[in-house]
Amino acid sequence: MNQYVKKYQKLNIETASREQILIMLYDGAIQFLNKAKIAINNNNIEEAHNNLISTQNIIYEFINSLDREVAPDLAARLTSLYEYFIRRLVEANMKKEIAPIDEVLGFLKSLKATWEKAIELSKKEEMAKANSVNVSDDDDIDDEDEDDEDDDEKHDNEQVDYQNNNL
């Protein structure tokens, strides 16, 4: 691979958000599984093995990155699911079968789509909160404007009263 492409990829990873990295990892796992399928079909045992191991390493990273304090039940369920994926990929690697790869591939694509949707919803919620804070700030400004108008009106009335009393 070109050295400039490697530098670009490294920079992308270093500057990516946690969410972007998660999606990149899913993309990588999906790509490795597709390469493993091609390698098995071409009877390239070593390439199939390497791609399956790379996918397993990504799945181990998913397990290690779960936040067990924030959502312990979800983390436990995802850990079980990820461990199941690893068992199926070990089976695919030992028997050089495509069916377990296709099964895990389907799950990974579905999970990736789910994470993408969750990330999108989270961003929308953050924007809504930011907008509601701005609206509240604008309301405060409007209230101040109304107070200023009330003060101006009182001042005008006081001037009229003063003039009427002094005539």
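As shown above, the structure is provided for reference.
Heads up: these notes are all about the structure in this document. Since we're looking at a predicted model, the values are computed, not measured. (Residues numbered from 1 in each chain as written. Predicted model: local features only at pLDDT ≥ 70, side-chain atom pairs only at ≥ 80, totals over all residues. Heavy atoms only, no water.)

## Digging into the packing of helix α3 (residues 45-65) against helix α4 (residues 72-95)
Where we set the bar: The axes are straight lines fitted to the C-alpha atoms, using for helices just the contacting stretch, and the angles between their N-to-C directions are given from 0 to 180°. Strands are runs of DSSP state E lasting at least two residues, helices are runs of H or I lasting at least four, and both sets are numbered from the N terminus onward. To sort the angles, those under 35 degrees are grouped as roughly parallel, those over 145 as roughly antiparallel, those from 65 to 115 as roughly perpendicular, and the leftovers as oblique. Residue contacts are defined here by distance: any two heavy atoms, one from each residue, within 4.5 Å place the two residues in contact. Think of it as three bins: nonpolar holds Ala, Val, Leu, Ile, Met, Phe, Trp, Tyr, Cys and Pro, charged holds Asp, Glu, Lys and Arg, and polar takes everything else, Gly as well.
Closest axis-to-axis distance for the α3/α4 pair is 10 Å, and the angle between their directions is 170 degrees. For the element pair α3 / α4, the angle class is roughly antiparallel. Touching His49, Leu52, Ile53, Thr55, Gln56, Ile59, Tyr60, Phe62 and Ile63 of α3 are Thr79, Tyr82, Glu83, Phe85, Ile86, Leu89, Val90, Ala92 and Asn93, all from α4. Looking at side-chain class alone, the contact of α3 with α4 contains 12 nonpolar, five polar and one charged residues.

## Structural notes on unusual backbone geometry
Its identity as a non-glycine residue notwithstanding, Asn43 has a phi of 60 degrees, on the positive side. Within the element layout of this structure, Asn43 appears in the loop between α2 (18-41) and α3. The phi angle at Lys96 is positive, at roughly 50 degrees, despite the residue not being glycine.

## With respect to the nonpolar core
In plain terms, the rule: Throughout, nonpolar core names a set of buried Ala, Val, Leu, Ile, Met, Phe, Trp, Tyr and Cys residues whose side chains join them through atoms within 4.5 Å. The rule is simple: take the accessible area with a 1.4 Å probe, protein chains only, and divide by the maximum for that residue type; under 20% is buried, over 50% is exposed, in between is partly exposed.
With 27 residues, the main nonpolar core has Leu33, Phe62, Tyr82, Ile101 and Leu108 as its most contacted residues. Of all the elements, α2 adds the most residues to this core, at eight residues. What Ile101 contacts, discounting residues up to four positions off in sequence, is Leu33, Ala36, Lys37, Ile40, Leu52, Leu89 and Ala92.

## A closer look at α2
Our working rule: A helix's residues, less one, multiplied by 1.5 Å, set its expected span.
In a regular helix each residue adds 1.5 Å, so 24 residues correspond to 34 Å; α2 covers 35 Å between its end C-alpha atoms and thus fits that length. Along α2, the residues classified as buried are Leu22, Ile23, Tyr26, Gly28, Ala29, Ile30, Leu33, Ala36, Ala39 and Ile40. One or two steps after α2, the chain reaches Asn43, where phi turns positive at roughly 60 degrees.

## Topic: the packing of aromatic side chains
What counts here: Any Phe, Tyr or Trp ring, taking Trp's six-membered ring, that has another such ring centre within 6.5 Å forms a pair; planes under 30 degrees apart are called stacked, those over 60 apart edge-to-face, and the others tilted.
Counted by the stated rule, this structure contains four aromatic pairs. Ring centres of Phe62 and Tyr82 lie 5.3 Å apart, and the angle between their planes is 35 degrees; this geometry places the pair in the tilted category. Linking Phe62 in helix α3 with Tyr82 in helix α4, this pair joins segments that are 20 residues apart in sequence. Here Phe62 and Tyr82 have matching classes, each one buried. Each member of the aromatic cluster is reached from another via a ring pair, and the members are Tyr26, Phe62, Tyr82, Phe85 and Phe107.

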